[in-house]
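What follows is each chain in one-letter form.
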Amino acid sequence: MPSLTLLGQSLLSGIFIGALYGLLGLGLSLSWGMLRQINLAHFALAFLGAYLTYQLSSVAGWDPLATLVLILPCFFAFGALMHWLFARFSITPFNSLLVTFGLTVMIESLIQSIWTADPRRLDSAYGALRFKIGALYVPFPELMTLVLAATLSIFAWAGLRYTDLGKAMRAAAEDAPIAAAFGVNERMLSLVLSGLAAAFAGVAGLCLALSFTLAPSQIYSWVGVVFAAVMIGGLGNPLGPIVAGIVIGVSESITMAVTAPTWAPLVSFSLLIVVLLVRAEKI
Amino acid sequence: MKPQRRALAFAGALLALGVAMQAAAAPSGKPIRIGSTLALTGPLSGTAIIHKITGEIYVELLNKKNGLLGRPVEWVLKDDQSKPDLARTLYEQLITVDKVDLIIGPYATPNIISAMGVAQRYGKVLVHHTMGIPSLAKYDMQFPAWSVGPNPETTVPNTVFDALAATPKAPKTIAIVTSKFPSVYLMSKGAQEVARKRGLKELLFLEWEFGNRDYGPIANRVKDAKPDFVWVGAIGLEGNELLDAMKKIDYKPPLHFYMYPAPGPLAKLPEANGALAASIFEQHPPYTNNPVAAEFVKIYNERAAKAGLADNSVETQAAASFSTWQVLETAINATKGLNDKAIAQWLKKNQVDTIQGRLRFDKTNNYGDDLMRVKQVQNGRWVTVWPKEWAAPGAKLITP
């Protein structure tokens, strides 16, 4: 019988890993739901962001959080450029899957050629920080991931719901020609949205670098579960990935605490199947 | 002849003799082409680069001497992208299109098994580096250069438990946590069986799928079980990830062993101080008392640094790779030819001195002795601690 401490710590672990699923899924969900781009390269971008954080912190001596000052604008520009190219060549949603898969392989090769396939670990003061609440430990990098994921998700949700810019984006996503007829510059908004999605990948990269050992091949190990979080959360819904991510993360963690860890990967996909059966029309 | 002219003539003669001697030592003629694949890209590339650097050094040293049978050696290397199916195709290509004279093994176990199938089909001898499941090596002309014996799942855990039993605080309870990566899983299941036979109380046995991302719950369960000793069946970075997760909940296992870790990154982790692993070679005496090993270590350290590897030291992977080439060179020189069957016959009947020790191939599936020893991270570097005759000078297994 697992102890209460074990269950409590596993619950916390689940919330933290779920927040990272949500953060990785946020940009993916927005670009898939609102731009009709199934952007597999989002994962590669997040890892590129993680490696850049590693490089700037380990070699140039930057504070890991300060790296966002450089990474966010660069990634925003990259995301916007990528969408411009997609629009320029009229890439369909299905083809975007293929094109971004190719882009993923290219980014992986780039990472490998610069940092080699050897594992890299960012040693920062944040890594050793942790808080103790009763018998439970709360590591700072994971807590920061949760705070960032929640903040960005709420920011994106509120922005889309309450600002004119957000309303225009939603209108363009719903029916671009009609939105354009009402004076919405759909092309410009798409570029902004794609840029934001890529910038979110940069933030996820920071969190990955602070909590995980990096290796280029690990790009692919996040794809399945984050896709599940995005689909369960609902495409284009900014709060969906973090909620679904935490549900998946907690389910996996508790499964690992009370049964064999090998059962954990089944949880996310079982949940996905259930959601697809029960509320497919909402996705 | 005037004295000055005599001196000049003497110098000229010496020079000519030197040139002639050098010409005799330098390999000449049609190169002997040895083909192989390595995982130059993909998930196994982090380790395969070690085999690439080692192979390049060996061929370079070989050609600086007299090559093989007086002929230069050319290594035809292809990238199998860490994919066993591609390795199979490329070995076919090496034999039928590139028409290489000989082949050597790829990295790692699944790719070696693929190459073995092709070698068997064409009757080629196959010396390979690091095959983790000896029972799958059924081809009678394959020869393992990583000397782990035919039953490493029993012999390696026994060596580890012998080392622990010799310490003042021998563990009485054990937790086994393991990846389901085949070669690691085999060893962990073996460790479970051996631990039972030796009377250790098993508090926990957990498995996870290779590629698991979240080690937090596993760390929580190990902490909750409070074992004296943790056997971690972790390949590559999995051990680092688990230790990271343990650090986050302020837990450090009293004694912990890692099967097939990424050696450099693990040694550099502060929480890994005291961690144990198995090895056939570490770059300290008595291994480096062998001048061939010492020369290789020196060159490898430089090349690995130049290639930007996180860890530049020679350990199991590089030593097994170097031994592969040593086995092949010795057999070719002994048989004075490139005949696969003759080479295989010779290897079955003879022993080969390598930098990891003397290898023999006369037990089940051409395996020989288990030369795995126990090493420990001490002050950020690996040192062999067991058996005593292979321990680094002054080193002994440190227990908490």
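Each value, and the rule that gives it
- Residues numbered from 1 in each chain as written.
- Chains lettered and ligands numbered in written order.
- Predicted model: local features only at pLDDT ≥ 70, side-chain atom pairs only at ≥ 80, totals over all residues.
- Heavy atoms only, no water.
- Helix = DSSP H or I, 4+ residues; strand = E, 2+ residues; numbered from the N terminus.
- Rg over C-alpha atoms; globule rule 2.2 N^0.38 Å.
- Contact = heavy atoms within 4.5 Å.
- Areas by Shrake-Rupley, 256 points an atom, 1.4 Å probe, with all protein chains shown as cover.
- Lys, Arg positive; Asp, Glu negative; His and termini not counted.
- Charge placed at Lys NZ, Arg CZ, Asp CG, Glu CD.
- Buried < 20%, exposed > 50% of the residue type's maximum accessible area, 1.4 Å probe, protein only.
- 1 Å grid on protein atoms, 1.4 Å probe; cavity = no way out; pocket = protein on both sides within 12 Å on 5 of 7 lines; lining within 4 Å.
- Points joined across faces, edges and corners; volume = space filled by probe spheres on them.
- Phe/Tyr/Trp six-rings, centres within 6.5 Å; stacked < 30°, edge-to-face > 60°.
- Pairing = 2+ DSSP bridges.
- Axes fitted to C-alpha atoms, helices over the stretch in contact; angles between N-to-C directions.
- Left-handed = near helix turned anticlockwise from the far one by under 90°.
- Nonpolar A, V, L, I, M, F, W, Y, C, P; charged D, E, K, R; others polar.
- Parallel < 35°, antiparallel > 145°, perpendicular 65-115°, else oblique.
- Core = buried A, V, L, I, M, F, W, Y, C linked by side-chain atoms within 4.5 Å.
- pLDDT = per-residue confidence, 0-100.
- Buried area = accessible area lost by both parts, 1.4 Å probe.
- Salt bridge = Lys/Arg side-chain N within 4 Å of Asp/Glu carboxyl O.
- Polar contact = N/O pair within 3.5 Å; in protein donor to acceptor, adjacent residues only side chain to side chain.

Caption draft 1: Focus on the overall build of chain A. For chain A, the count of helices and strands is 12 helices and 2 strands. By the compact-globule yardstick of 19 Å for 283 residues, chain A fits well, its C-alpha radius of gyration being 19 Å. Principal-axis analysis of the C-alpha atoms gives chain A an extent of 60 × 50 × 35 Å. Sequence-distant contacts, at least 24 apart, represent 77% of the contacts inside chain A between residues at least 6 apart. Surface exposure of chain A reaches about 12,100 Å², of which carbon and sulfur atoms provide 72%. In chain A, the 12 positive side-chain charges and the 11 negative ones have mean positions that sit 5 Å from each other.

Caption draft 2: Quick look at the overall build of chain B. Along the backbone of chain B there are 12 helices and 14 strands. For 400 residues, the compact-globule estimate of 2.2 N^0.38 gives 21 Å, and chain B sits close to it at 23 Å. With the principal axes as the frame, chain B shows a C-alpha extent of 90 × 55 × 35 Å. Out of the 400 residues in chain B, the part that is buried amounts to 58%. Summarising the internal contacts of chain B: among those between residues at least 6 apart in sequence, 69% fall at separations of at least 24. In the structure as shown, chain B presents an accessible area of about 16,000 Å², 55% of it carried by carbon and sulfur atoms.

Caption draft 3: Quick peek at empty space enclosed by the protein. A full pass over the atoms with the stated rule returns 3 cavities of 30 Å³ or more. Each pocket or cavity is described by its volume, and for the largest cavity that value is around 310 Å³. What lines the largest cavity is a set of 22 residues, among which Glu142(A), Phe212(A), Asp214(B), Gly216(B) and Lys248(B) lie closest to the centre. Those elements that provide at least two residues to the lining of the largest cavity are helix H1 (4–35), strand E2 (136–139), helix H6 (140–162) and helix H9 (186–211) of chain A together with helix H7 (216–225) and helix H8 (238–248) of chain B. Ranked by residue count, the leading element in the lining of the largest cavity is H1(A), at 5 residues.

Caption draft 4: Quick look at the packing of aromatic side chains. Under the definition given, this model contains 21 aromatic pairs over all chains. Pairing Tyr126(A) with Phe140(A) gives two aromatic rings, centres 5.4 Å apart and planes at 25°, and the pair type is stacked. Remark: Phe140(A) occurs in helix H6 and Tyr126(A) occurs in helix H5 (residues 125–128); sequence separation between them is 14 residues. When sorted by exposure, Tyr126(A) lands in the same class as Phe140(A), which is buried. Judged by centre distance (5.7 Å) and plane angle (55°), the rings of Phe296(B) and Tyr300(B) are tilted. Of this pair, Phe296(B) and Tyr300(B) both sit in helix H10 (residues 291–306), 4 residues apart, roughly one helical turn. The two residues Phe296(B) and Tyr300(B) agree in class, both being buried.

Caption draft 5: View of the sheet that holds strand E3 (residues 102–104) of chain B. Residue and element names in this part refer to chain B. An order of E2-E1-E3-E4-E5 is seen for the 5 strands of this open sheet, with the pairing classed as parallel. The open sheet is flanked by strand E2 (73–79) and strand E5 (142–144), the only strands paired with a single partner. Sheet twist, expressed as the mean angle between neighbouring strand axes with direction ignored, is 25°. Here strand E4 (residues 126–128) runs beside E5; their pairing, made up of 3 bridges, is parallel.

Caption draft 6: Layout of the packing of helix H3 (residues 84–96) of chain B against helix H4 (residues 109–122) of chain B. Residues and elements named next belong to chain B. The contact between H3 and H4 brings their axes to 8 Å, and the two run at 35°. Crossing of H3 over H4 shows right-handed handedness. Residue-level inspection shows Pro 84, Asp 85, Ala 87, Arg 88, Tyr 91, Glu 92, Ile 95 and Thr 96 of H3 in contact with H4, the latter providing Pro 110, Asn 111, Ser 114, Ala 115, Val 118, Arg 121 and Tyr 122. Tallied by class, residues from the contact of H3 with H4 come to 8 nonpolar, 3 polar and 4 charged.

Caption draft 7: Geometry of the pairing of strand E14 (residues 381–386) of chain B. Residue and element names in this part refer to chain B. Bridge analysis of strand E13 (residues 373–378) against E14 gives 5 bridges, and the strand direction is antiparallel. Residue pairing in the sheet places Gln 378 in a bridge with Arg 381 of E14. Counted between consecutive antiparallel strands, the loop separating E13 from E14 contains 2 residues, among which Asn 379 sits at a positive phi close to 55°.

Caption draft 8: Expanded view of the side chain of Gln37(A). Residues and elements named next belong to chain A. Along the chain, Gln 37 falls in the loop between H1 and helix H2 (41–58). The exposure class of Gln 37 is buried, given its relative accessible area of 3%. When neighbours within four sequence positions are excluded, Gln 37 is seen to be in contact with Ser 31, Trp 32, Met 82, His 83, Phe 86, Ser 96 and Ser 194.

Caption draft 9: Structural context of the packing of helix H7 (residues 164–174) of chain A against H9(A). All names here are of chain A. Running from N to C, H7 and H9 point in directions that differ by 105°, and their axes come no closer than 10 Å. Taken together, the axes of H7 and H9 lie roughly perpendicular to each other. Where H7 abuts H9, its residues Leu 165, Ala 168, Met 169 and Ala 172 lie against Glu 186, Leu 189, Val 192 and Leu 193. Split by residue class, the contact of H7 with H9 holds 7 nonpolar, no polar and 1 charged.

Caption draft 10: How the structure looks around the nonpolar core. Trp231(B), Tyr300(B) and Leu347(B) are the most contacted members of the largest nonpolar core, which totals 103 residues. Once you skip the residues sitting within four places of it in the chain, Leu347(B) turns out to touch Val127(B), Phe143(B), Val327(B), Ala331(B), Val352(B) and Phe361(B). If you look at the next biggest cluster of nonpolar residues, it comprises 77 residues, including Leu152(A), Ala156(A), Leu160(A) and Phe227(A).

Caption draft 11: Main features of unusual backbone geometry. All names here are of chain B. Of note, the bond from Tyr 107 into Ala 108 is cis; its omega dihedral lies within 30 degrees of zero at 5°. Tracing the backbone through its elements, the reader meets Ala 108 in the loop between E3 and H4. Between Trp 386 and the following residue, Pro 387, the backbone shows a cis peptide bond with an omega angle of -5°. Tracing the sequence through the fold places Pro 387 in the segment after E14. The backbone of Ser 82 sits at a positive phi, close to 70°, despite the residue not being glycine. Residue classification places Ser 82 among the buried positions, given a relative accessible area of 11%.

Caption draft 12: Up close: the confidence of the model for chain B. Considering every residue of chain B, the mean pLDDT works out to 91; 94% of them sit at 70 or more. pLDDT under 50 marks residues 11–24 of chain B. Its contacts with residues more than four places away, or in other chains, come to 1 contact.

Caption draft 13: Spotlight on the interface of chain A and chain B. Taken together, the contact pairs 39 residues of chain A with 35 residues of chain B. Both faces considered, chain A and chain B share a buried interface measuring about 2,900 Å² in area, 53% of it formed by carbon and sulfur atoms. In this structure, Lys248(B) engages Glu142(A) in a salt bridge whose closest nitrogen and oxygen atoms are separated by 2.4 Å. Along the contact surface separating chain A from chain B lie 13 residue pairs in polar contact (both at pLDDT 80 or more). For the side of chain A that touches chain B, the secondary-structure elements that each account for two or more residues are H1, H5, E2 and helix H11 (240–258) of chain A. It is H1(A) that contributes the most residues to the side of chain A that touches chain B, 6 residues altogether. For the side of chain A that touches chain B, a count of residues per class yields 18 nonpolar, 15 polar and 6 charged.

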